[in-house]
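A structural walkthrough
The primary structure of each chain is shown beneath.
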Amino acid sequence: MTRQPLRLAIIEAERILAAAGVASPRVDAELIAAHVLGVERGRLPLVPLVDPQVIDAIGQLVNRRAKRVPLQHLLGWAAMGAVTVDVGPGVFVPRPETELLLEWGLGAVAAVSDPLVVDLCTGSAALALAFAHERPDATVYAVELDHSALAWARRNAEARATAGDRPIALHHGDVADPTLLVDLDGRVDLVLCNPPYVPMGVEVPPEVGEHDPFDAVFAPADGLAVIRHVVAAAARLLRPGGAFAMEHDDTHVESVPALLAARRVLTEVEDHEDLNGCPRYVTARHS
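Residues numbered from 1 in each chain as written. Predicted model: local features only at pLDDT ≥ 70, side-chain atom pairs only at ≥ 80, totals over all residues. Heavy atoms only, no water.

**Considering the side chain of Thr-283**
To keep things clear, this is the line we draw: Think of it this way: any DSSP run of H or I at least four residues long counts as a helix, any run of E at least two long counts as a strand, and we number them from the N terminus. Polar contacts here mean pairs of N or O atoms no more than 3.5 Å apart (in protein, one a potential hydrogen donor and the other a potential acceptor; neighbouring residues in sequence count only if both atoms are side-chain atoms). We call two residues in contact when some of their heavy atoms are within 4.5 Å.
Topologically, Thr-283 is positioned in strand β13 (residues 279–286). A distance of 2.7 Å separates a polar atom in the side chain of Thr-283 from a polar atom in the side chain of His-272. When neighbours within four sequence positions are excluded, Thr-283 is seen to be in contact with Trp-104, Phe-244, Ala-245, Leu-260, Glu-268, Val-269, Glu-270 and His-272.

**What to know about helix α7 (residues 147–162)**
Going by this rule: Helix span is expected to be 1.5 Å times the residue number reduced by one. Whether a residue is buried, partly exposed or exposed follows from its accessible area with a 1.4 Å probe, protein chains only, as a fraction of its type maximum: under 20%, in between, or over 50%, in that order. The directions considered for the arc run from the helix axis to the C-beta atoms.
With 16 residues, α7 ought to run about 22 Å at 1.5 Å a step, and its terminal C-alpha atoms sit 22 Å apart, in line with that. Residues of α7 that are buried include every one of Ala-149, Leu-150, Trp-152, Ala-153, Asn-156, Ala-157 and Arg-160, and no others. The buried side chains of α7 occupy one side of the element, clustering within an arc of 155° when seen end-on. Away from its buried face by more than 90 degrees, α7 exposes His-147, Glu-158 and Thr-162. The opening residue of α7 is Asp-146, an N-cap whose side-chain oxygen sits 3.1 Å from the backbone nitrogen of Ser-148. Phi for Gly-164, located one or two positions after α7, is positive at around 115°.

**Remarks on the sheet that holds strand β8 (residues 188–193)**
As a reminder, the rule being used: Between any two strands, at least two bridges found by DSSP are needed for them to pair. Axis definition: a line fit to C-alpha positions, over the contact stretch in the case of helices; interaxial angles, taken between N-to-C directions, run 0 to 180 degrees.
Ordered in space as β7-β6-β5-β8-β11-β13-β12, the 7 strands form an open sheet in which the pairing is mixed. Both edges of this open sheet fall to β7 (169–172) and β12 (266–273), since each of them pairs with a single strand only. Strand-to-strand, the axes of this sheet are offset by a mean angle of 15°, without reference to chain direction. Note: β8 against strand β11 (residues 238–247), 5 bridges, orientation parallel. Directly across from Leu-190, in β11, lies its bridge partner Ala-243. Contacts from α7 reach β6 (139–144) and β7 within the one sheet, and its direction differs from that of β7 by about 170°.

**With respect to the environment of Ala-66**
Its place among the elements puts Ala-66 in helix α3 (residues 52–66). Between the C-alpha atoms of Ala-66 and Pro-25, which are 41 residues apart in sequence, the distance is 9.4 Å. With residues near it in sequence (within four places) discarded, Ala-66 still touches Ile-16, Leu-17 and Ala-20.

**Some remarks on the nonpolar core**
In a soluble, globular protein the nonpolar side chains are often hidden away together inside. The criterion, for reference: The set of buried Ala, Val, Leu, Ile, Met, Phe, Trp, Tyr and Cys residues whose side-chain atoms join them within 4.5 Å is what this entry labels a nonpolar core.
Ranked by internal contacts, the top residues of the largest apolar core, which has 36 residues, are Leu-120, Val-191, Val-230, Phe-244, Met-246 and Leu-260. For this core, the elements supplying multiple residues, two or more each, are β5 (116–120), β8, β10 (218–219), α11 (225–237), β11, α12 (255–261) and β13. The residues touching Leu-260, leaving out its near neighbours within four places in the chain, are Val-231, Phe-244, Met-246, Leu-266, Val-269, Val-282, Thr-283 and Ala-284.

**Let's talk about the pattern of salt bridges**
Two side chains with opposite charge may pair up if their charged atoms get near one another. Note the following rule: What makes a salt bridge here is a side-chain nitrogen of Lys or Arg within 4 Å of a carboxyl oxygen of Asp or Glu, nothing more.
The final tally for this structure, using the stated rule, is 15 salt bridges. For the salt bridge of Arg-65 with Glu-207, the shortest nitrogen-to-oxygen distance reads 2.9 Å. Taken together, the positions of Arg-65 in helix α3 and Glu-207 in helix α8 (residues 206–209) put the pair 142 residues apart, joining distant regions of the chain. Ionic pairing is found between Asp-86 and Arg-155, a salt bridge with its closest N-O pair at 3.1 Å. Of the two residues, Asp-86 is situated in strand β4 (residues 83–86) and Arg-155 in helix α7; the sequence distance between them amounts to 69 residues. Arg-155 gets classed as partly exposed once you look at its relative accessible area, which sits at 44%. Here the residues in one salt-bridge network are Glu-14, Arg-26, Glu-30 and Arg-41, joined through shared partners.

**Examining unusual backbone geometry**
Even without a glycine there, the phi angle at Ala-125 is positive, about 75°. Among the secondary structure elements, Ala-125 is positioned in the loop between β5 and α6 (126–134). The exposure class assigned to Ala-125 is buried, which follows from its relative accessible area of 0%. With a phi close to 55°, Glu-268 is a non-glycine residue in the positive phi region. Mapped onto the fold, Glu-268 is located in strand β12. With a relative accessible area of 61%, Glu-268 lands in the exposed category.

**A closer look at the packing of helix α1 (residues 6–19) against helix α2 (residues 25–37)**
Working note: a packed helix pair is described by the angle between its axes plus the distance between those axes. What counts here: An angle below 35 degrees is treated as roughly parallel, one above 145 as roughly antiparallel, one from 65 to 115 as roughly perpendicular, and anything else as oblique. Less than a right angle of anticlockwise turn of the near helix away from the far helix marks a crossing as left-handed, whereas a clockwise turn marks it as right-handed. Polar here means any residue other than Ala, Val, Leu, Ile, Met, Phe, Trp, Tyr, Cys and Pro, which are nonpolar, and Asp, Glu, Lys and Arg, which are charged; Gly is therefore polar.
Packing of α1 against α2 brings their axes to within 8 Å, and their N-to-C directions diverge by 130°. Considering the angle they form, α1 stands oblique to α2. You can see that α1 and α2 cross each other, and the crossing is right-handed. Side by side, α1 and α2 meet where Leu-6, Ile-10, Ile-11, Ala-13, Glu-14, Leu-17 and Ala-18 of the first sit next to Pro-25, Arg-26, Asp-28, Ala-29, Glu-30, Ala-33 and Leu-37 of the second. When its residues are assigned to classes, the contact of α1 with α2 shows 10 nonpolar, no polar and 4 charged.

Rendered as structure tokens:
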């Protein structure tokens, strides 16, 4: 069997993905090739020729990606900070922009020893686990309502604990429940949340609309229904001086900061842009 140039296979994969409307065709093509070969993406230039069955395996995954199956479902994982978590059908795929929440949160409690941290609407637990990895002294609670997502979170939490990270505390719960984590009221140093916030009826990419769980993406009341409960929970859980960071839709640049500012205990309300310059998350401190 004649070995074939990997470079040509990646060029063809990029062409197919671009034609299908995939946002980052070259990156996706390279990540798929690296996944099939079992090497890091940066080492692909060291593999000039590959067997025909490798070309076939790359082609099969590229064709699925061209049908807009999320890249992370094909690879089986998504990155958050310095950790990777398993993802697939039934759980929201973490997005790169959520790393901004992680970075802000780490900075907000940088001077706090043994911080107590709560991640609401945790999904795959990516944010909670990435935080726990960076701060081994932290006690991290992660809350999720959906049973399918919680199963993914448990799997990921067990994997990170096996890898040596401090275990997180996973809870099945609803942010709308006023007794959620009531034992932690007034004690928490940092509350993080990436809630469902896309307004109903907004058009989203097929990767999101057809593959992410609906209730992890969309929310009623102009996308604010869950956010309102998260703000109430944060105001209750945080200690004086505690920090809060929450992601939101780019249409929420005025409404979400206003929700926080309406709570007298939340001060220093500030909105932040993502890497594309869109309004993406809001932060505050407990007075």
